[in-house]
Amino acid sequence: MQNKLSFSSYFVIGVMLFALFFGAGNLIFPATLGQNAGTNIWPAVIGFLITGIGLPFLGILAMGFSGSRNLQELASRIHPTYAVVFTSLLYLTIGPFFATPRTGAVAYDIGIAPFVGEGYGQAGLIIFTLLFFIVTMWFSLNPAKIVDRVGKILSPGIIILLAVLLVMVIVKPMGTIESPQGDYVSGAFMKGFTEGYNTMDALASLVFGIIVINAIRAMGVTSKRGVLSATVKSGLVATAFLGIIYVGIAYLGATSTEAFGIFENGGPVLSSASSYYFGSLGTIMLTIIIILACLTTSIGLITACGEYFHTLFPKVSYKKFVVFFSLLSFTIANFGLSNIIMYSIPVLMFLYPLAIVLMILTFLSPLFKHSSIVYIAATAVTFMISTIDGLKTFCKLFEIDYFGWMAPIVSFYERSLPLYGEGLGWLLPVLIVIVVTGILSYFLKTSTVEA
(Lines give C-alpha, C1' and ligand atoms only; values in the text may rest on other atoms or scores of the structure.)
Protein backbone atom coordinates (compact mmCIF):
# COMPACT_ATOMS: atom_id res chain seq x y z
CA MET A 1 0.00 0.00 0.00
CA GLN A 2 1.22 3.52 -0.80
CA ASN A 3 -0.23 6.94 -0.06
CA LYS A 4 1.71 8.93 -2.60
CA LEU A 5 2.07 8.75 -6.38
CA SER A 6 4.79 10.05 -8.66
CA PHE A 7 4.27 13.17 -10.74
CA SER A 8 4.05 11.05 -13.89
CA SER A 9 1.16 9.09 -12.33
CA TYR A 10 -0.70 12.29 -11.44
CA PHE A 11 -0.11 13.54 -14.95
CA VAL A 12 -1.40 10.36 -16.59
CA ILE A 13 -4.59 10.39 -14.49
CA GLY A 14 -4.99 14.12 -15.12
CA VAL A 15 -4.76 13.63 -18.89
CA MET A 16 -7.28 10.79 -18.63
CA LEU A 17 -9.63 13.11 -16.72
CA PHE A 18 -9.12 15.82 -19.32
CA ALA A 19 -10.04 13.33 -22.04
CA LEU A 20 -13.20 12.41 -20.12
CA PHE A 21 -14.24 16.06 -19.81
CA PHE A 22 -13.12 17.20 -23.21
CA GLY A 23 -15.61 16.83 -26.00
CA ALA A 24 -15.77 18.83 -29.18
CA GLY A 25 -18.87 20.52 -27.76
CA ASN A 26 -16.68 22.27 -25.21
CA LEU A 27 -15.04 24.19 -28.05
CA ILE A 28 -18.19 25.94 -29.24
CA PHE A 29 -19.15 27.75 -26.04
CA PRO A 30 -15.95 29.76 -25.43
CA ALA A 31 -15.94 30.64 -29.15
CA THR A 32 -19.47 32.03 -28.89
CA LEU A 33 -18.55 33.81 -25.66
CA GLY A 34 -15.55 35.46 -27.31
CA GLN A 35 -17.60 36.67 -30.28
CA ASN A 36 -20.31 38.22 -28.12
CA ALA A 37 -18.18 39.48 -25.22
CA GLY A 38 -15.86 41.46 -27.53
CA THR A 39 -13.84 43.99 -25.55
CA ASN A 40 -15.37 42.63 -22.33
CA ILE A 41 -13.80 39.25 -23.00
CA TRP A 42 -11.70 39.01 -19.84
CA PRO A 43 -14.41 39.43 -17.18
CA ALA A 44 -16.59 37.09 -19.26
CA VAL A 45 -13.81 34.49 -19.47
CA ILE A 46 -13.18 34.66 -15.72
CA GLY A 47 -16.87 33.99 -15.04
CA PHE A 48 -16.83 31.15 -17.57
CA LEU A 49 -13.77 29.54 -15.99
CA ILE A 50 -15.40 29.51 -12.54
CA THR A 51 -18.27 27.31 -13.75
CA GLY A 52 -16.45 25.73 -16.70
CA ILE A 53 -13.42 24.39 -14.78
CA GLY A 54 -13.82 25.49 -11.14
CA LEU A 55 -17.05 23.62 -10.49
CA PRO A 56 -15.93 20.43 -12.28
CA PHE A 57 -12.79 20.49 -10.12
CA LEU A 58 -14.93 20.80 -6.97
CA GLY A 59 -17.17 17.99 -8.21
CA ILE A 60 -14.21 15.65 -8.59
CA LEU A 61 -12.96 16.61 -5.11
CA ALA A 62 -16.42 16.16 -3.60
CA MET A 63 -16.58 12.55 -4.80
CA GLY A 64 -13.10 11.89 -3.40
CA PHE A 65 -13.90 13.62 -0.11
CA SER A 66 -17.23 11.84 0.36
CA GLY A 67 -15.91 8.30 0.04
CA SER A 68 -19.11 7.34 -1.81
CA ARG A 69 -19.04 4.56 -4.40
CA ASN A 70 -21.15 6.51 -6.91
CA LEU A 71 -23.32 9.60 -7.32
CA GLN A 72 -26.54 7.84 -6.34
CA GLU A 73 -25.00 6.76 -3.04
CA LEU A 74 -23.87 10.33 -2.33
CA ALA A 75 -27.26 11.83 -3.22
CA SER A 76 -29.02 9.24 -1.03
CA ARG A 77 -27.78 11.28 1.95
CA ILE A 78 -30.75 13.48 1.10
CA HIS A 79 -33.23 10.67 0.41
CA PRO A 80 -33.07 7.39 -1.54
CA THR A 81 -35.91 8.39 -3.87
CA TYR A 82 -34.39 11.81 -4.48
CA ALA A 83 -31.06 10.10 -5.22
CA VAL A 84 -32.58 7.98 -8.00
CA VAL A 85 -34.48 10.90 -9.55
CA PHE A 86 -31.56 13.34 -9.35
CA THR A 87 -29.01 10.84 -10.66
CA SER A 88 -31.32 9.73 -13.48
CA LEU A 89 -31.99 13.32 -14.56
CA LEU A 90 -28.27 14.10 -14.46
CA TYR A 91 -27.42 11.06 -16.62
CA LEU A 92 -30.17 11.94 -19.10
CA THR A 93 -28.94 15.55 -19.27
CA ILE A 94 -25.30 14.66 -19.95
CA GLY A 95 -26.57 11.82 -22.13
CA PRO A 96 -29.43 11.46 -24.64
CA PHE A 97 -31.38 14.62 -23.80
CA PHE A 98 -28.66 17.16 -24.57
CA ALA A 99 -24.95 16.26 -24.51
CA THR A 100 -25.08 13.19 -26.77
CA PRO A 101 -27.29 14.79 -29.45
CA ARG A 102 -24.97 17.79 -29.24
CA THR A 103 -22.01 15.62 -30.28
CA GLY A 104 -23.74 14.72 -33.55
CA ALA A 105 -24.88 18.30 -34.18
CA VAL A 106 -21.43 19.76 -33.43
CA ALA A 107 -19.73 17.21 -35.68
CA TYR A 108 -22.06 18.19 -38.52
CA ASP A 109 -21.80 21.97 -37.99
CA ILE A 110 -17.99 22.01 -37.75
CA GLY A 111 -17.02 19.03 -39.88
CA ILE A 112 -19.62 18.64 -42.64
CA ALA A 113 -21.59 21.86 -43.11
CA PRO A 114 -18.59 23.85 -44.45
CA PHE A 115 -18.26 21.34 -47.31
CA VAL A 116 -21.89 20.68 -48.24
CA GLY A 117 -23.13 24.26 -47.96
CA GLU A 118 -26.60 25.43 -47.00
CA GLY A 119 -28.34 23.75 -49.90
CA TYR A 120 -28.58 20.39 -48.13
CA GLY A 121 -30.03 21.96 -44.97
CA GLN A 122 -32.01 19.58 -42.80
CA ALA A 123 -31.50 16.63 -45.16
CA GLY A 124 -27.73 16.81 -44.72
CA LEU A 125 -28.07 16.88 -40.93
CA ILE A 126 -30.47 13.90 -40.94
CA ILE A 127 -28.23 11.76 -43.16
CA PHE A 128 -25.08 12.58 -41.20
CA THR A 129 -26.58 12.09 -37.73
CA LEU A 130 -28.22 8.83 -38.84
CA LEU A 131 -24.81 7.44 -39.81
CA PHE A 132 -23.19 9.01 -36.74
CA PHE A 133 -25.56 7.38 -34.25
CA ILE A 134 -25.59 4.04 -36.07
CA VAL A 135 -21.82 3.93 -35.55
CA THR A 136 -22.29 5.11 -31.94
CA MET A 137 -24.83 2.35 -31.32
CA TRP A 138 -22.65 -0.32 -32.92
CA PHE A 139 -19.61 0.52 -30.80
CA SER A 140 -21.74 0.86 -27.65
CA LEU A 141 -23.23 -2.58 -28.28
CA ASN A 142 -19.83 -4.03 -29.04
CA PRO A 143 -17.35 -2.32 -26.69
CA ALA A 144 -13.87 -2.60 -28.09
CA LYS A 145 -10.41 -1.34 -27.19
CA ILE A 146 -10.28 0.58 -30.46
CA VAL A 147 -12.50 3.27 -28.89
CA ASP A 148 -10.02 3.78 -26.03
CA ARG A 149 -7.09 3.74 -28.43
CA VAL A 150 -8.66 6.27 -30.77
CA GLY A 151 -9.50 8.44 -27.78
CA LYS A 152 -5.90 8.34 -26.55
CA ILE A 153 -4.67 9.39 -29.98
CA LEU A 154 -7.34 12.05 -30.42
CA SER A 155 -6.75 13.94 -27.18
CA PRO A 156 -3.11 14.81 -28.00
CA GLY A 157 -4.03 15.31 -31.66
CA ILE A 158 -6.73 17.87 -31.03
CA ILE A 159 -4.58 19.65 -28.41
CA ILE A 160 -1.72 19.96 -30.93
CA LEU A 161 -4.03 21.20 -33.69
CA LEU A 162 -5.63 23.72 -31.34
CA ALA A 163 -2.23 24.83 -30.04
CA VAL A 164 -1.06 25.57 -33.59
CA LEU A 165 -4.32 27.37 -34.36
CA LEU A 166 -4.17 29.46 -31.18
CA VAL A 167 -0.54 30.41 -31.78
CA MET A 168 -1.57 31.68 -35.21
CA VAL A 169 -4.40 33.69 -33.61
CA ILE A 170 -1.96 35.35 -31.23
CA VAL A 171 0.74 35.98 -33.85
CA LYS A 172 -1.62 37.05 -36.62
CA PRO A 173 -5.12 37.96 -35.29
CA MET A 174 -7.97 37.75 -37.79
CA GLY A 175 -9.13 41.24 -36.82
CA THR A 176 -9.57 43.70 -34.00
CA ILE A 177 -11.78 42.89 -31.01
CA GLU A 178 -15.11 44.64 -31.41
CA SER A 179 -17.80 45.92 -29.03
CA PRO A 180 -19.69 43.51 -26.73
CA GLN A 181 -23.20 42.32 -27.58
CA GLY A 182 -26.35 41.74 -25.52
CA ASP A 183 -25.89 40.82 -21.87
CA TYR A 184 -22.13 41.09 -22.24
CA VAL A 185 -22.38 44.89 -22.47
CA SER A 186 -23.07 45.47 -18.76
CA GLY A 187 -22.94 42.02 -17.14
CA ALA A 188 -20.07 40.21 -18.84
CA PHE A 189 -18.86 38.37 -15.74
CA MET A 190 -22.25 36.95 -14.73
CA LYS A 191 -23.13 36.12 -18.34
CA GLY A 192 -19.86 34.23 -18.65
CA PHE A 193 -20.57 32.53 -15.32
CA THR A 194 -23.92 31.15 -16.48
CA GLU A 195 -22.54 30.30 -19.95
CA GLY A 196 -20.10 27.95 -18.22
CA TYR A 197 -23.10 25.80 -17.26
CA ASN A 198 -23.42 24.81 -20.93
CA THR A 199 -20.28 22.69 -20.82
CA MET A 200 -22.16 20.38 -18.39
CA ASP A 201 -18.76 19.41 -16.98
CA ALA A 202 -19.75 20.14 -13.37
CA LEU A 203 -22.59 17.63 -13.71
CA ALA A 204 -20.32 15.13 -15.44
CA SER A 205 -17.69 15.53 -12.70
CA LEU A 206 -20.02 13.83 -10.23
CA VAL A 207 -19.92 10.78 -12.51
CA PHE A 208 -16.28 11.00 -13.66
CA GLY A 209 -15.01 11.48 -10.10
CA ILE A 210 -15.52 7.79 -9.35
CA ILE A 211 -13.50 6.80 -12.45
CA VAL A 212 -10.59 8.94 -11.25
CA ILE A 213 -10.79 7.59 -7.70
CA ASN A 214 -10.84 3.99 -8.92
CA ALA A 215 -7.79 4.69 -11.11
CA ILE A 216 -5.94 6.13 -8.12
CA ARG A 217 -6.85 3.16 -5.92
CA ALA A 218 -5.75 0.78 -8.68
CA MET A 219 -2.28 2.36 -8.37
CA GLY A 220 -2.13 1.33 -4.72
CA VAL A 221 -3.36 4.45 -2.90
CA THR A 222 -6.09 3.38 -0.48
CA SER A 223 -6.21 5.86 2.42
CA LYS A 224 -8.86 8.58 2.22
CA ARG A 225 -6.24 11.31 2.64
CA GLY A 226 -4.01 9.79 -0.04
CA VAL A 227 -6.88 9.41 -2.50
CA LEU A 228 -8.00 13.00 -1.92
CA SER A 229 -4.46 14.36 -2.36
CA ALA A 230 -3.99 12.43 -5.61
CA THR A 231 -7.42 13.58 -6.81
CA VAL A 232 -6.49 17.22 -6.19
CA LYS A 233 -3.23 16.97 -8.12
CA SER A 234 -4.74 15.02 -11.00
CA GLY A 235 -7.69 17.42 -11.14
CA LEU A 236 -5.34 20.39 -11.38
CA VAL A 237 -3.65 18.84 -14.43
CA ALA A 238 -6.99 18.32 -16.21
CA THR A 239 -8.43 21.73 -15.37
CA ALA A 240 -5.20 23.49 -16.39
CA PHE A 241 -5.47 21.99 -19.89
CA LEU A 242 -9.17 22.89 -20.08
CA GLY A 243 -8.55 26.44 -18.86
CA ILE A 244 -5.83 27.13 -21.44
CA ILE A 245 -8.07 25.84 -24.24
CA TYR A 246 -11.09 27.85 -23.05
CA VAL A 247 -9.11 31.10 -22.84
CA GLY A 248 -7.50 30.53 -26.24
CA ILE A 249 -10.75 29.68 -28.03
CA ALA A 250 -12.52 32.66 -26.43
CA TYR A 251 -9.77 34.95 -27.72
CA LEU A 252 -10.07 33.33 -31.15
CA GLY A 253 -13.79 34.06 -31.12
CA ALA A 254 -13.25 37.68 -30.08
CA THR A 255 -10.81 38.32 -32.94
CA SER A 256 -13.02 36.62 -35.55
CA THR A 257 -16.01 38.97 -35.59
CA GLU A 258 -14.39 41.59 -37.84
CA ALA A 259 -13.57 38.94 -40.45
CA PHE A 260 -16.71 36.78 -40.30
CA GLY A 261 -19.37 38.57 -38.28
CA ILE A 262 -21.21 36.95 -35.36
CA PHE A 263 -22.39 33.37 -35.85
CA GLU A 264 -25.41 31.78 -34.21
CA ASN A 265 -23.19 29.28 -32.39
CA GLY A 266 -19.50 28.48 -32.03
CA GLY A 267 -19.26 25.69 -34.61
CA PRO A 268 -18.76 27.88 -37.70
CA VAL A 269 -16.31 30.08 -35.75
CA LEU A 270 -13.79 27.26 -35.49
CA SER A 271 -14.26 25.96 -39.02
CA SER A 272 -13.94 29.48 -40.46
CA ALA A 273 -10.82 30.21 -38.41
CA SER A 274 -9.21 26.92 -39.46
CA SER A 275 -9.94 27.66 -43.12
CA TYR A 276 -8.66 31.24 -42.71
CA TYR A 277 -5.26 30.14 -41.44
CA PHE A 278 -4.70 26.76 -43.10
CA GLY A 279 -7.03 26.64 -46.10
CA SER A 280 -8.77 23.43 -47.18
CA LEU A 281 -6.13 21.17 -45.60
CA GLY A 282 -6.68 22.73 -42.18
CA THR A 283 -10.44 22.41 -42.53
CA ILE A 284 -10.14 18.73 -43.47
CA MET A 285 -7.84 18.02 -40.52
CA LEU A 286 -10.22 19.78 -38.15
CA THR A 287 -13.16 17.86 -39.65
CA ILE A 288 -11.56 14.45 -39.09
CA ILE A 289 -10.49 15.18 -35.52
CA ILE A 290 -13.78 16.82 -34.51
CA ILE A 291 -15.93 14.00 -35.92
CA LEU A 292 -13.84 11.30 -34.25
CA ALA A 293 -13.71 13.23 -30.96
CA CYS A 294 -17.48 13.69 -31.03
CA LEU A 295 -17.93 10.02 -31.86
CA THR A 296 -15.83 8.75 -28.95
CA THR A 297 -17.64 11.15 -26.59
CA SER A 298 -21.00 9.95 -27.89
CA ILE A 299 -20.04 6.30 -27.42
CA GLY A 300 -18.85 6.96 -23.88
CA LEU A 301 -22.04 8.78 -22.90
CA ILE A 302 -24.39 6.21 -24.43
CA THR A 303 -22.44 3.40 -22.76
CA ALA A 304 -22.51 5.13 -19.35
CA CYS A 305 -26.23 5.83 -19.55
CA GLY A 306 -26.99 2.30 -20.71
CA GLU A 307 -25.03 0.81 -17.83
CA TYR A 308 -26.63 3.08 -15.20
CA PHE A 309 -30.22 2.54 -16.29
CA HIS A 310 -29.63 -1.19 -16.63
CA THR A 311 -28.68 -1.23 -12.94
CA LEU A 312 -31.93 0.63 -12.16
CA PHE A 313 -34.07 -1.63 -14.34
CA PRO A 314 -32.20 -4.95 -14.58
CA LYS A 315 -35.12 -6.61 -16.41
CA VAL A 316 -34.42 -4.31 -19.38
CA SER A 317 -31.20 -5.36 -21.08
CA TYR A 318 -28.22 -3.07 -21.53
CA LYS A 319 -28.50 -3.49 -25.31
CA LYS A 320 -32.13 -2.29 -25.34
CA PHE A 321 -31.14 0.84 -23.44
CA VAL A 322 -28.30 1.49 -25.90
CA VAL A 323 -30.64 1.19 -28.89
CA PHE A 324 -33.26 3.43 -27.25
CA PHE A 325 -30.78 6.13 -26.20
CA SER A 326 -29.12 6.10 -29.64
CA LEU A 327 -32.48 6.59 -31.37
CA LEU A 328 -33.45 9.31 -28.93
CA SER A 329 -30.12 11.10 -29.44
CA PHE A 330 -30.54 10.90 -33.23
CA THR A 331 -34.03 12.41 -33.00
CA ILE A 332 -32.99 15.29 -30.74
CA ALA A 333 -29.82 15.99 -32.75
CA ASN A 334 -32.00 16.88 -35.73
CA PHE A 335 -33.47 19.85 -33.91
CA GLY A 336 -30.11 21.48 -34.69
CA LEU A 337 -27.24 22.63 -32.50
CA SER A 338 -28.67 26.05 -31.64
CA ASN A 339 -32.00 24.57 -30.55
CA ILE A 340 -30.32 21.87 -28.45
CA ILE A 341 -28.30 24.53 -26.65
CA MET A 342 -31.35 26.76 -26.16
CA TYR A 343 -33.57 24.00 -24.79
CA SER A 344 -30.84 22.82 -22.41
CA ILE A 345 -30.46 26.18 -20.64
CA PRO A 346 -33.65 25.99 -18.49
CA VAL A 347 -32.78 22.42 -17.45
CA LEU A 348 -29.25 23.46 -16.49
CA MET A 349 -30.55 26.46 -14.52
CA PHE A 350 -32.66 23.96 -12.54
CA LEU A 351 -30.10 21.17 -12.18
CA TYR A 352 -26.85 23.07 -11.60
CA PRO A 353 -27.82 24.65 -8.24
CA LEU A 354 -28.86 21.22 -6.92
CA ALA A 355 -25.52 19.74 -8.00
CA ILE A 356 -23.52 22.65 -6.55
CA VAL A 357 -25.37 22.47 -3.22
CA LEU A 358 -24.69 18.73 -3.04
CA MET A 359 -20.98 19.52 -3.47
CA ILE A 360 -21.12 22.20 -0.75
CA LEU A 361 -22.93 19.87 1.66
CA THR A 362 -20.36 17.14 0.99
CA PHE A 363 -17.47 19.37 2.04
CA LEU A 364 -19.30 20.85 5.06
CA SER A 365 -20.81 17.54 6.18
CA PRO A 366 -18.22 16.80 8.94
CA LEU A 367 -19.01 20.19 10.55
CA PHE A 368 -22.67 19.28 11.10
CA LYS A 369 -21.83 15.62 11.73
CA HIS A 370 -23.58 14.48 8.54
CA SER A 371 -27.03 15.36 9.89
CA SER A 372 -29.77 14.35 7.44
CA ILE A 373 -31.90 17.39 8.37
CA VAL A 374 -29.21 19.72 6.98
CA TYR A 375 -29.03 17.82 3.69
CA ILE A 376 -32.82 17.75 3.33
CA ALA A 377 -33.44 21.40 4.31
CA ALA A 378 -30.68 22.84 2.10
CA THR A 379 -31.77 20.75 -0.89
CA ALA A 380 -35.46 21.67 -0.38
CA VAL A 381 -34.65 25.40 -0.37
CA THR A 382 -32.49 25.01 -3.47
CA PHE A 383 -35.23 23.03 -5.23
CA MET A 384 -37.86 25.72 -4.55
CA ILE A 385 -35.66 28.44 -6.02
CA SER A 386 -34.04 26.55 -8.89
CA THR A 387 -37.38 25.18 -10.12
CA ILE A 388 -38.72 28.72 -10.52
CA ASP A 389 -35.39 29.78 -12.03
CA GLY A 390 -35.63 27.06 -14.66
CA LEU A 391 -39.24 27.89 -15.51
CA LYS A 392 -38.48 31.62 -15.63
CA THR A 393 -35.53 31.00 -17.97
CA PHE A 394 -37.75 28.86 -20.18
CA CYS A 395 -40.35 31.64 -20.41
CA LYS A 396 -37.70 34.26 -21.14
CA LEU A 397 -35.99 32.22 -23.86
CA PHE A 398 -39.23 31.49 -25.68
CA GLU A 399 -40.71 34.95 -25.08
CA ILE A 400 -43.83 33.80 -23.28
CA ASP A 401 -45.51 35.29 -20.22
CA TYR A 402 -44.86 33.70 -16.85
CA PHE A 403 -47.37 31.08 -15.80
CA GLY A 404 -50.10 32.76 -13.76
CA TRP A 405 -49.20 31.12 -10.45
CA MET A 406 -45.50 31.80 -10.97
CA ALA A 407 -45.56 35.59 -11.43
CA PRO A 408 -45.93 36.53 -7.72
CA ILE A 409 -43.25 34.01 -6.73
CA VAL A 410 -40.80 35.45 -9.27
CA SER A 411 -41.63 38.95 -8.08
CA PHE A 412 -41.00 37.94 -4.45
CA TYR A 413 -37.70 36.29 -5.31
CA GLU A 414 -36.55 39.33 -7.31
CA ARG A 415 -37.30 41.62 -4.37
CA SER A 416 -35.97 39.41 -1.61
CA LEU A 417 -33.08 37.29 -2.86
CA PRO A 418 -29.62 38.80 -3.43
CA LEU A 419 -28.11 37.88 -6.80
CA TYR A 420 -31.40 36.42 -8.05
CA GLY A 421 -31.12 38.37 -11.31
CA GLU A 422 -27.72 36.77 -11.88
CA GLY A 423 -29.00 33.22 -11.38
CA LEU A 424 -27.51 32.86 -7.89
CA GLY A 425 -30.57 33.65 -5.81
CA TRP A 426 -30.31 30.26 -4.11
CA LEU A 427 -26.81 30.81 -2.70
CA LEU A 428 -27.38 33.01 0.38
CA PRO A 429 -30.61 31.26 1.52
CA VAL A 430 -28.88 27.86 1.28
CA LEU A 431 -25.88 29.01 3.30
CA ILE A 432 -28.20 30.44 5.98
CA VAL A 433 -30.23 27.21 6.08
CA ILE A 434 -27.06 25.13 6.43
CA VAL A 435 -25.88 27.23 9.38
CA VAL A 436 -29.28 27.28 11.14
CA THR A 437 -30.10 23.59 10.64
CA GLY A 438 -26.51 22.65 11.49
CA ILE A 439 -26.83 24.39 14.85
CA LEU A 440 -30.28 22.87 15.46
CA SER A 441 -29.07 19.38 14.61
CA TYR A 442 -26.22 19.76 17.10
CA PHE A 443 -28.58 20.58 19.96
CA LEU A 444 -31.37 18.20 18.91
CA LYS A 445 -28.95 15.34 18.15
CA THR A 446 -30.81 14.47 14.92
CA SER A 447 -30.08 11.35 12.90
CA THR A 448 -27.07 11.31 10.61
CA VAL A 449 -26.51 9.91 7.18
CA GLU A 450 -23.75 7.42 6.55
CA ALA A 451 -20.58 9.37 5.86
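Residues numbered from 1 in each chain as written. Predicted model: local features only at pLDDT ≥ 70, side-chain atom pairs only at ≥ 80, totals over all residues. Heavy atoms only, no water.

Enquirer: I would appreciate a short explanation of unusual backbone geometry in the present structure.
Expert: Most of the time, phi is negative for any residue but glycine, and the peptide bond is trans. A positive phi angle, near 55 degrees, is found at K369, a position not held by glycine. Structurally, K369 is set in the loop between α14 (337-364) and α15 (372-397). The exposed category is assigned to K369, whose relative accessible area is 53%. Of note in this structure, L419 is not a glycine but carries a positive phi near 65 degrees. (Helix = DSSP H or I, 4+ residues; strand = E, 2+ residues; numbered from the N terminus. Buried < 20%, exposed > 50% of the residue type's maximum accessible area, 1.4 Å probe, protein only.)

Enquirer: Looking at this structure, I do not really get the environment of S186. What am I missing?
Expert: Within the fold, S186 resides in the loop between α8 (145-171) and α9 (188-195). Here the alpha-carbon distance between S186 and Y82, two residues 104 residues apart in the chain, equals 38 Å.

Enquirer: I would appreciate a short explanation of the packing of helix α3 (residues 41-66) against α9 in the present structure.
Expert: The description of two packed helices rests on the angle between their axes and on the distance between the axes. Contact geometry for α3 and α9: axes closest at 6 Å, N-to-C directions at 30 degrees. Accordingly, the angle class assigned to the pair α3 and α9 is roughly parallel. Crossing hand, α3 versus α9: right-handed. Facing α3, whose interface residues are P43, A44, I46, G47, F48, I50 and T51, α9 presents A188, F189, G192, F193 and E195. Looking at side-chain class alone, the contact of α3 with α9 contains 8 nonpolar, 3 polar and 1 charged residues. (Axes fitted to C-alpha atoms, helices over the stretch in contact; angles between N-to-C directions. Parallel < 35°, antiparallel > 145°, perpendicular 65-115°, else oblique. Left-handed = near helix turned anticlockwise from the far one by under 90°. Contact = heavy atoms within 4.5 Å. Nonpolar A, V, L, I, M, F, W, Y, C, P; charged D, E, K, R; others polar.)

Enquirer: Sorry, what's going on with the layout of surface pockets here?
Expert: By volume, the second largest pocket amounts to about 1100 Å³. Forming the walls of the second largest pocket are 36 residues, and the residues nearest its centre are D183, K191, E195, I345 and L397. Within the residue set of the lining of the second largest pocket, elements represented by two or more residues are α2 (25-37), α9, α14 and α15. Considering every element that reaches the lining of the second largest pocket, the biggest residue donor is α14, with 7 residues. Its residues assigned to classes, the lining of the second largest pocket comprises 13 nonpolar, 14 polar and 9 charged. (1 Å grid on protein atoms, 1.4 Å probe; cavity = no way out; pocket = protein on both sides within 12 Å on 5 of 7 lines; lining within 4 Å. Points joined across faces, edges and corners; volume = space filled by probe spheres on them.)

Enquirer: Help me understand the nonpolar core, please; the structure alone is not making it clear to me.
Expert: Generally speaking, soluble globular proteins have nonpolar side chains that are buried together. Membership of the largest hydrophobic core comes to 137 residues, with the highest contact counts inside it found for L27 and F86. For this core, the element with the most residues is helix α12 (residues 267-312), which contributes 16 residues. With near-sequence residues (within four places) excluded, L27 lies in contact with F22, I158, L162, I245, I249, L270 and I290. (Core = buried A, V, L, I, M, F, W, Y, C linked by side-chain atoms within 4.5 Å.)

Enquirer: Would you explain the pattern of salt bridges in this entry?
Expert: Two side chains bearing opposite charge may form a pair once their charged atoms approach each other closely. Within this structure, the stated rule accounts for 3 salt bridges. Among the ionic pairs, E73 bridges to R69, the shortest N-O distance being 2.5 Å. R69 gets classed as exposed once you look at its relative accessible area, which sits at 67%. Two residues, K392 and D389, come together in a salt bridge whose shortest N-O distance is 3.9 Å. (Salt bridge = Lys/Arg side-chain N within 4 Å of Asp/Glu carboxyl O.)

Enquirer: Just to check I follow, could you spell out the side chain of S386 for this structure?
Expert: Within the element layout of this structure, S386 appears in helix α15. A distance of 3.3 Å separates a polar atom in the side chain of S386 from the backbone oxygen of F350. (Polar contact = N/O pair within 3.5 Å; in protein donor to acceptor, adjacent residues only side chain to side chain.)

Enquirer: How do you make sense of the side chain of S326 when you look at a structure like this?
Expert: One can find S326 in helix α13 (residues 318-333). A relative accessible area of 2% places S326 in the buried class. For S326, the contacting residues outside a window of four places in its chain are F133, M137 and I302.

Enquirer: Would you mind showing me how to read helix α6 (residues 99-116) here?
Expert: Side chains of residues three or four places apart in an α-helix project in the same direction, reflecting 3.6 residues per turn. With 18 residues, α6 extends 24 Å between its outermost C-alpha atoms, agreeing within 8% with the 26 Å of an ideal straight helix rising 1.5 Å per residue. When the local axis directions of α6 are compared, the greatest deviation, roughly 40 degrees, occurs at D109. Here α6 lies mainly inside the structure; 13 of its 18 residues are buried. (Expected span 1.5 Å × (residues − 1). Bend = angle between axes of the 7 residues up to and from the residue.)

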